[in-house]
Amino acid sequence: DSGVTQTPKHLITATGQRVTLRCSPRSGDLSVYWYQQSLDQGLQFLIQYYNGEERAKGNILERFSAQQFPDLHSELNLSSLELGDSALYFCASSKKEGTEAFFGQGTRLTVV
Amino acid sequence: GNSVTQMEGPVTLSEEAFLTINCTYTATGYPSLFWYVQYPGEGLQLLLKATKADDKGSNKGFEATYRKETTSFHLEKGSVQVSDSAVYFCALSEFYMGGTSYGKLTFGQGTILTVHP
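The present account deals with the structure reproduced in this document.

About the cut-offs
- Residues numbered from 1 in each chain as written.
- Chains lettered and ligands numbered in written order.
- Predicted model: local features only at pLDDT ≥ 70, side-chain atom pairs only at ≥ 80, totals over all residues.
- Heavy atoms only, no water.
- Core = buried A, V, L, I, M, F, W, Y, C linked by side-chain atoms within 4.5 Å.
- Buried < 20%, exposed > 50% of the residue type's maximum accessible area, 1.4 Å probe, protein only.
- Helix = DSSP H or I, 4+ residues; strand = E, 2+ residues; numbered from the N terminus.
- Contact = heavy atoms within 4.5 Å.
- Pairing = 2+ DSSP bridges.
- Axes fitted to C-alpha atoms, helices over the stretch in contact; angles between N-to-C directions.

What to know about the nonpolar core
Okay, so step 1: Within the largest apolar cluster, 26 residues are counted, with the highest numbers of intra-cluster contacts made by Leu-19, Trp-35, Leu-47, Leu-48, Phe-73, Leu-75 and Tyr-88 of chain B.
Okay, so step 2: When residues of this core are traced back to their parent elements, those giving at least two are β2 (11–14), β3 (19–21), β4 (23–26), β5 (32–38), β6 (44–50), β8 (62–65), β10 (86–95) and β12 (111–116) of chain B.
Okay, so step 3: Here this core gets 4 residues from one element, more than from any other, and that element is β10 of chain B.
Okay, so step 4: If we skip the residues at most four places from it in the chain, Leu-48 of chain B touches Leu-33, Phe-34, Trp-35, Gly-57, Ser-58, Asn-59, Phe-62, Glu-63, Ala-64, Phe-73 and Leu-75 of chain B.
Okay, so step 5: Counting 21 residues, the second largest nonpolar core, distinct from the first, contains Val-4, Trp-34, Leu-78 and Leu-81 of chain A.

Below, the structure written as structure tokens:
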């Protein structure tokens, strides 16, 4: 158990819908990262927060947004979902930026 | 930008065979290097890390040495077990202020390892 909790584990939703994925980092970790894992793209960095502040953006679509709350948990919002958004979404946390990151079990999103 | 290249898989071995998975990287500065492992249906687990040149990371019989001169971080294990069957990811992380890298991980494409009894 990495100490990073992601909910839900599985989500099935229809095209055009909006979903929210939640991540609770390890106790004491200030940095949260979101990654998308798909068969064709591999593991892609989406966005990073540090102590509530957005720090870096990767290949994140405009339909996607995220935030980190004062209690340090983070949410990834995906809207106007398309079939191609089906993937595993991972959250990771680290104590400081640049140190090893610990991953949650992921949320498997299926868009039908 | 940063990139990581892993040897193409899948890799199939018999139990007790020697394992090498090659990994090379491109980075602008002095990254930290990692190997993560993903067992079926699970998230990524940190297997080992190295933070500077010539460091050797090791864990559970796996090891990898940070080679700056060849920009490589090859994963090795002397005797694999069936339980080592998984996907292995090489990754790097850089942190520098004022840029676009605040410690995010850049991953290789992953190597599927299957070990037969």
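With respect to the sheet that holds strand β8 (residues 74–78) of chain A
All names here are of chain A.
Okay, so step 1: Ordered by their spatial adjacency, 4 strands build an open sheet running β1-β3-β8-β7, and the pairing between neighbours is antiparallel. Two strands lie at the open edges of the sheet, namely β1 (5–7) and β7 (64–68), each paired on one side alone. Between one strand axis and the next, the sheet turns by 15° as a mean value, whatever way the strands run.
Okay, so step 2: Strand direction decides the pairing type here: β1 and strand β3 (residues 19–24), joined by 3 bridges, are antiparallel. Note that in β3 the partner of Thr-7 across the bridge is Arg-22.

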